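Notes for the structure review
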Amino acid sequence: MSDIRAFFSKSDRPKRAAAAPATAEPTTKKQKAELGTDDAASEAPPLTTTVAHLLTEPKWREILALEFKKSYFKQLDAFLVREQAKKAKIYPPKQEIFTALNLCPFDQVKVVILGQDPYHGPGQAHGLCFSVQKPVPPPPSLKNIYKEAMADVEIAKPTHGCLLSWCHQGVLLLNTVLTVRATEANSHKKQGWENFTDVVIRKISQELSGVVFLLWGKPAQEKIVLIDRTKHCILTSSHPSPLGATKTSEPFIGSRCFSKTNAYLVKQGKEPINWTVE
């Protein structure tokens, strides 16, 4: 695998080939390319990288190792390199791309919450869907999530927007696309991340049992086809965004998804989630 330090680095561009010796005039296109004098070959070759090393949780690495070798993931790497070449700002920071997987080990997954792609504002995204780093104020969708949790399971009003306390209890806060260009929502859509996160969902469905999948909104609900209903619990509602949280036939507000999740987990003999945001 290529050196991960090339990822989003400004200083790792391969250097051009040395100029041709004065006594040896290149005559063929191949010779010109090798000597860096052909117009088509004079630009620096494309950077190469991989984000695979950023996934550090042992079981997830074992389960997903083959994905990093597939053509779609290599194409995703190439796309990220092109983004770097354009000096695009990408969120979350590279070390946090796989936060959801790294901090929620495979064998500990009890609940899966699906988001779409990371927040695209400064200081927001840190690898967990719907969550933001302290002291960034909770975005509108997260405010509605808190509103429902406060009404449903009577948590205290959260003072920040970081959901690490949920993650540490086995709640996998997974975006279906794991990176985004600054200020441009969905800018990394259909570049390969969906293939990867579909495998994550499928592996959970196949190899675990008694997991609750919280699918909020139509994009998340499209993943139902990846989940074995006979082994798991699927709870659906509209997205918690203010645009749809109360305005559909299956509204998020009033869905009681948090108490329903805990009731199912208890029935499965598992510890319920403490939804208090700590």
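Residues numbered from 1 in each chain as written. Predicted model: local features only at pLDDT ≥ 70, side-chain atom pairs only at ≥ 80, totals over all residues. Heavy atoms only, no water.

Describing the pattern of salt bridges
Keep this limit in mind: We define a salt bridge as a contact between a side-chain nitrogen of Lys or Arg and a carboxyl oxygen of Asp or Glu at a distance within 4 Å. Numbering of helices and strands starts at the N terminus; helices are DSSP runs of H or I of at least 4 residues and strands are runs of E of at least 2. The classification of residues rests on relative accessible area computed with a 1.4 Å probe and restricted to protein chains. Under 20% of the type maximum is buried, over 50% is exposed, and intermediate values are partly exposed.
Applying the stated rule across the entire model yields eight salt bridges. Residue K59 is joined to E62 by a salt bridge in which the shortest nitrogen-to-oxygen separation is 3.8 Å. On the criterion of helical spacing, the pair formed by K59 and E62 is a turn pair, its members being three residues apart in helix α2 (residues 58–64). Look at K59 and you get partly exposed, because its relative accessible area is 26%. The partner of E184 in a salt bridge is R181, and the shortest N-O contact between them spans 2.7 Å. By relative accessible area, E184 is classed as partly exposed at 35%. The exposure class of R181 is buried, given its relative accessible area of 18%. Through salt bridges with shared partners, a single network forms among E83, K86, R181 and E184.

Overview of the packing of aromatic side chains
For clarity, the cut-off: In summary, the pairing rule links any two rings of Phe, Tyr or Trp, Trp by its six-membered ring, whose centres are within 6.5 Å, and it sorts them by plane angle into stacked for under 30 degrees, edge-to-face for over 60 and tilted for everything else.
Under the defined criterion, the tally for this structure stands at 15 aromatic pairs. With a centroid separation of 5.9 Å and an interplanar angle of 75 degrees, the aromatic rings of F98 and W193 are classed as edge-to-face. Here W193 lies in helix α7 (residues 193–207) and F98 lies in the loop between β1 (90–91) and α4 (99–102), a separation of 95 residues in the sequence. In terms of burial, F98 and W193 fall into one category: buried. For the ring pair F258 and W275, a centre distance of 4.8 Å and an interplane angle of 65 degrees mean the geometry is edge-to-face. With F258 in helix α9 (residues 257–267) and W275 in the segment after α9, this pair connects stretches of sequence that are 17 residues apart. According to the relative accessible area criterion, W275 is buried, its value standing at 2%. Each residue in the set F68, Y72, F73, F98, W193 and F196 is aromatic and connected to the rest through ring pairs, giving one cluster.

Notes on the packing of helix α3 (residues 71–85) against α7
Rule in force here: Axes here refer to lines fitted to C-alpha atoms; in helices the fit is confined to the stretch in contact. Angles between the N-to-C directions go from 0 to 180 degrees. Angles below 35 degrees are treated as roughly parallel, those above 145 as roughly antiparallel, those between 65 and 115 as roughly perpendicular, and all remaining angles as oblique. By definition, residues are in contact when any of their heavy atoms lie within 4.5 Å. When residues are grouped by polarity, Ala, Val, Leu, Ile, Met, Phe, Trp, Tyr, Cys and Pro land in nonpolar, Asp, Glu, Lys and Arg in charged, and all others, Gly among them, in polar.
The contact between α3 and α7 brings their axes to 9 Å, and the two run at 135 degrees. Considering their axes alone, α3 and α7 lie oblique with respect to each other. Two secondary-structure elements touch here, α3 through Y72, F73, L76 and L80 and α7 through W193, N195 and F196. Residues belonging to the contact of α3 with α7 are distributed by class as follows: six nonpolar, one polar and no charged.

A word on the sheet that holds strand β2 (residues 111–115)
Picture the strands of a sheet paired through backbone hydrogen bonds; they go either parallel or antiparallel. Where we set the bar: DSSP bridges decide pairing: two strands pair if at least two such bridges lie between them.
Reading across the sheet, the four strands line up as β3-β2-β5-β6 and stay open at both edges, with parallel pairing between neighbours. A single partner strand is all that each edge strand has here, and the edge strands are β3 (171–175) and β6 (233–237). Averaged over neighbouring strand pairs, the angle between their axes works out to 20 degrees when direction is ignored. Here β2 runs beside strand β5 (residues 212–216); their pairing, made up of three bridges, is parallel. Directly across from V112, in β5, lies its bridge partner F213. Most of the contacts of α7 go to β3, to which it runs at about 155 degrees, and overall it touches β2, β3 and β5.

Here's the deal with the UniProt feature "active site" (unreviewed entry) in the protein chain
The condition is simple: UniProt positions are given in the numbering used here, feature names are shortened, and annotations may be inferred rather than shown by experiment. N or O atoms closer than or at 3.5 Å make up a polar contact, with two conditions inside protein: a donor-capable atom paired with an acceptor-capable one, and, for residues adjacent in sequence, both atoms drawn from side chains.
If you check UniProt for "active site" (unreviewed entry), the listed places come out as D117 in our numbering. Note that D117 resides in the loop between β2 and α5 (140–152). Owing to a relative accessible area of 16%, D117 belongs among the buried residues under this scheme. Those residues within four positions of D117 in sequence are excluded, and the remaining contacts are N175, V177, V180, A185, N186 and S187. There is a polar contact of 2.7 Å between the side chain of D117 and the backbone nitrogen of N186.

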